[in-house]
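What the coordinates show
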Amino acid sequence: STSVLNAATASGQGTLFALALVRASSADPSLSNILFNPDNTTPVTVFIPTDAAFRAAGFTETTINNANAQSLANTLRYHILSGVTFGNQLQPGS
């Protein structure tokens, strides 16, 4: 099993997301358990934005490092769904 952190960095396109996860987990320990533990038995689906998407939203390494960790945690939670979810299960606007 692979942790979300490892999955985010494996392609080389999720490094800003991974950096944000590390920063956010300092304010929200439950993120650490869900996202960094490959042996976690609680299934989650994580939508990992590319670095290009993060930059388009105004996030850089500097802004992430300087961001409020709790605000980052709140934002990243929009990218995490409980359970296993497949793309064909998603509805526009949901």
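Just so you know, the residues in each chain are numbered from 1, in the order the chain's sequence is written. Since the coordinates come from a predicted model, pLDDT governs what is reported: local features require at least 70, and pairs of side-chain atoms require 80 or more to be given and counted, while whole-chain, interface and lining totals use all residues. Based on all heavy atoms of the structure, the side-chain values leave hydrogens and waters out of the count.

Here we take up the side chain of Asp28. Note on conventions: DSSP H or I runs of at least 4 residues are helices, E runs of at least 2 residues are strands, and numbering of each starts at the N terminus. Among the secondary structure elements, Asp28 is positioned in the loop between α2 (15-25) and α3 (29-36). Each residue is placed in one exposure class: buried if its accessible area under a 1.4 Å probe, protein chains only, is under 20% of its type's maximum, exposed if it is over 50%, and partly exposed if it falls in between. By relative accessible area, Asp28 is classed as buried at 12%. Each polar contact in these results corresponds to two N or O atoms within 3.5 Å; when the atoms are within protein, one needs to be able to donate a hydrogen and the other to accept it, and residues that are neighboring in sequence are counted only if both atoms are side-chain atoms. Among the polar contacts made by the side chain of Asp28, one reaches the side chain of Arg77 at a distance of 3.1 Å. In contact with Asp28, not counting residues within four places along its chain, are Ala73 and Arg77. Residue contacts are counted whenever heavy atoms from the two residues lie within 4.5 Å of one another.

Only Phe, Tyr and Trp rings take part, Trp by its six-membered ring, and two of them pair if their centres are within 6.5 Å. Stacked means planes under 30 degrees apart, edge-to-face means over 60, and tilted covers everything else. Counted under the stated rule, the structure contains 2 aromatic pairs. Ring geometry for Phe17 and Phe54: centres 6.2 Å apart, planes at 80°, overall edge-to-face. Within this pair, whereas Phe17 is found in helix α2, its partner Phe54 is found in helix α4 (residues 51-56), the two being separated by 37 residues in sequence. We classify Phe17 as buried; its relative accessible area is 0%. Among the aromatic side chains, those forming a connected cluster through ring pairs are Phe17, Phe54 and Phe59.

What follows is about the nonpolar core. Formed by 17 residues in total, the largest nonpolar core has its most connected members in Phe17, Ala20, Ala24, Phe54, Ile64, Leu72 and Leu76. Listed by contribution, the elements that provide at least two residues to this core are α1 (4-10), α2 and α6 (69-76). Sort the elements by how many residues they give to this core and α2 lands first, with 6 residues. The contacts of Ala24, once residues within four sequence positions are left out, are Leu31, Ala69, Leu72, Ala73 and Leu76. Among buried residues, the Ala, Val, Leu, Ile, Met, Phe, Trp, Tyr and Cys ones that are joined through side-chain atoms within 4.5 Å form a nonpolar core.

Within a predicted model, pLDDT stands for the predictor's per-residue confidence, ranging from 0 to 100. Summary statistics for the chain give a mean pLDDT of 83 and a share of 87% for residues scoring 70 or more. Mean pLDDT across the secondary structure elements of the chain bottoms out at α3, with 74, and peaks at helix α5 (residues 61-66), with 96.

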